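# Tertiary structure, described
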Amino acid sequence: VENRPKYYGREFHGIISREQADELLGGVEGAYILRESQRQPGCYTLALRFGNQTLNYRLFHDGKHFVGEKRFESIHDLVTDGLITLYIETKAAEYISKMTTNPIYEHIGYATLLREKVSRRLSRSKNESRKTSVTNEEHTPVEKISSLVRRAALTHNDNHFNYEKTHNFKVHTFRGPHWCEYCANFMWGLIAQGVRCSDCGLNVHKQCSKHVPNDCQPDLKRIKKVYCCDLTTLVKAHNTQRPMVVDICIREIEARGLKSEGLYRVSGFTEHIEDVKMAFDRDGEKADISANIYPDINIITGALKLYFRDLPIPVITYDTYSKFIEAAKISNADERLEAVHEVLMLLPPAHYETLRYLMIHLKKVTMNEKDNFMNAENLGIVFGPTLMRPAEDSTLTTLHDMRYQKLIVQILIENEDVLF
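The present account deals with the structure reproduced in this document. (Residues numbered from 1 in each chain as written. Predicted model: local features only at pLDDT ≥ 70, side-chain atom pairs only at ≥ 80, totals over all residues. Heavy atoms only, no water.)

## A word on the overall build of the protein
For the record, the criterion: Comment: elements are numbered from the N terminus, with helices defined as DSSP H or I runs of at least four residues and strands as E runs of at least two. Here's how the labels work: a residue is buried when its accessible area is under 20% of the maximum for its type, exposed when over 50%, partly exposed in between, all with a 1.4 Å probe on protein chains only. The criterion used for residue contact is that any of the two residues' heavy atoms lie within 4.5 Å. Here the Shrake-Rupley method, with its probe set to 1.4 Å, supplies the accessible areas, and only the displayed protein chains count as covering residues.
Of regular secondary structure, the protein possesses 17 helices and ten strands. Burial statistics for the protein: of 420 residues in total, 46% are counted as buried. For the protein, restricting intrachain contacts to residue pairs at least 6 apart in sequence, the fraction spanning at least 24 positions comes to 61%. Carbon and sulfur atoms make up 49% of the accessible area of the protein, which amounts to about 22500 Å² in all.

Below is the structure:
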C-alpha cells in the first residue's frame, strides 16, 4: 500500500470503505485491518471482527497506539487486549455488574483471617532466622502483605489517627494475573488492567475504585518525600496528628527563638534552608535541626514557612479559600468571627489540627512582641500567602486578596482560644 504510515505494518489497507473492510475480514472472528478514512485523510480506523459484526474504532498514535486511555507498543497488542475485554464484557456482563455488590473489602472476618495468616507467617519467619529483620525489603514476608491487610491492621490500631483520606488511584499495568482487592475478582487485559493507589498500594478494578471508601492508609515505604507531600498523606504515613516537620520546627523555635527580633520576618540563608528541607526528606523525624547545626533560628523559621509553601494543597485548602476571603470581608467583627469559625469547621481534620497548633505557637510569638517586634498583624502579612492561596494561578487575584489573607491569619492568631 502506498503512503503507509511508518508505524503501521501489513494490517494497513489504505483508503477503503467500511463495506470493503467488512468484506475483507470475511466474517472471521478476531480478524482485523486498519484503513484510512475516505472523508478525513490522515485519520485512521481499526476494523475488528467480533460477535458476528465488524466494529470500527478511531485509532490514534502518539508514539504508542491507542483507541481509549490504554496505550500499546503494537497494534497486535491493542487488538489482543481489546478482544479479551470485549469477550469478558460480552460473556460476563451480568456477573461484572454484580461484582461490586458484595465486596470482600467490607468483610471484617476476611480481613481478620488474612491478618492472622500474616502474623503466623511472620512468627515462623522470626523463628527460622533471628538475624533477619522484619523490615528487610528483600527477604521479609512483609513485602508480600497486601494493602488490604495493612488497611485492616491499621484500622484496629488504637494509636492510628483516624483522618479520612481518599485513595490516590492511578492506572497500573500488573505483571501476571492479579486480583482486585475490593471485589476479589481477577483483573483482565494485557496492560493497564486496573488502578493502584500510589500512597497505600491498594489494587482494584477501575470500576471498583469508585466504590472504595476514603480510608487510605499510606505506606511509609511509598512516601518518598516530606516536603511537597500532601499533608493528610504525610500525617497518616507517620501516624501523627500533625506533620512532624511542624512539630519539630516549632519545638526548636520555642526553645530558643521566641525573643529573636523579626522572627519569621527575617529570612535565613536560602542554601541552609534547603539543607534543612533535604534533612527532613532524607531522615524524617530524625533530622537534626539543633543549634549545634543551625545556630541561626531564621533558618528553622524559613524551613517551616517553606514546608507550608510547598504543600500541594495549602493548609487552608483550595475548597475553603473563597469562603475565608468572603468571611474576611464582613465588616461586623462578631459576625466575621462567627463566619471564620464556620469555615474552619470545613477544613479536613489534619489541616484543622495543623492550623490550630500553628496558631497556638504564633500566639506565643505575639506574647513576646516587646522582644521580637512581631504582632498578629505582622505575622498575618508573613503567613497569609503562606497558608492560603487561590486555586487558579492568577497574580491579579492574589494581589487583590492579600489584605484579606493577612486579616484571616491575624483573626486566627488573636482569637485562637475562641476559634479552636
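What follows picks up the thread again.
## A few points about helix α11 (residues 318-328)
Test applied: Working note: the arc is built from the helix axis to C-beta atom directions.
Listing the buried residues of α11 in full gives T320, Y321, F324, I325, A327 and A328. The arc that holds every buried residue of α11, seen down its axis, measures 155°, which confines them to one face. Those residues of α11 that are buried lie in contact with α12 (333-344) and α16 (395-414).

## Focus: the sheet that holds strand β9 (residues 194-197)
For clarity, the threshold we go by: Note on pairing: DSSP must find at least two bridges between two strands before they are called paired.
Spatially, β6-β9-β10 is the arrangement adopted by the three strands of the open sheet, whose pairing is antiparallel. Where the open sheet ends on each side, the last strands, each with one partner, are β6 (169-172) and β10 (203-204). One ladder, built from two bridges, connects β9 with β10; its direction is antiparallel. Looking across to β10, one finds that V195 is bridged to V204.

## Thoughts on the pattern of salt bridges
For the record, the criterion: Whenever a carboxyl oxygen of Asp or Glu lies within 4 Å of a side-chain nitrogen of Lys or Arg, that contact is scored as a salt bridge.
Scanning the entire structure with this criterion turns up 17 salt bridges. When the shortest N-O distance is used, the salt bridge between D247 and R242 registers 2.8 Å. For the pair formed by D247 and R242, the shared burial category is buried. Between R256 and E252 there is a salt bridge, with its nearest N and O atoms 2.6 Å apart. You can see R256 and its partner E252 sitting in helix α8 (residues 244-256), four residues apart, about one turn around the helix. Since its relative accessible area comes to 28%, R256 is described here as partly exposed. Among the residues examined, E252 registers a relative accessible area of 18% and is labelled buried.

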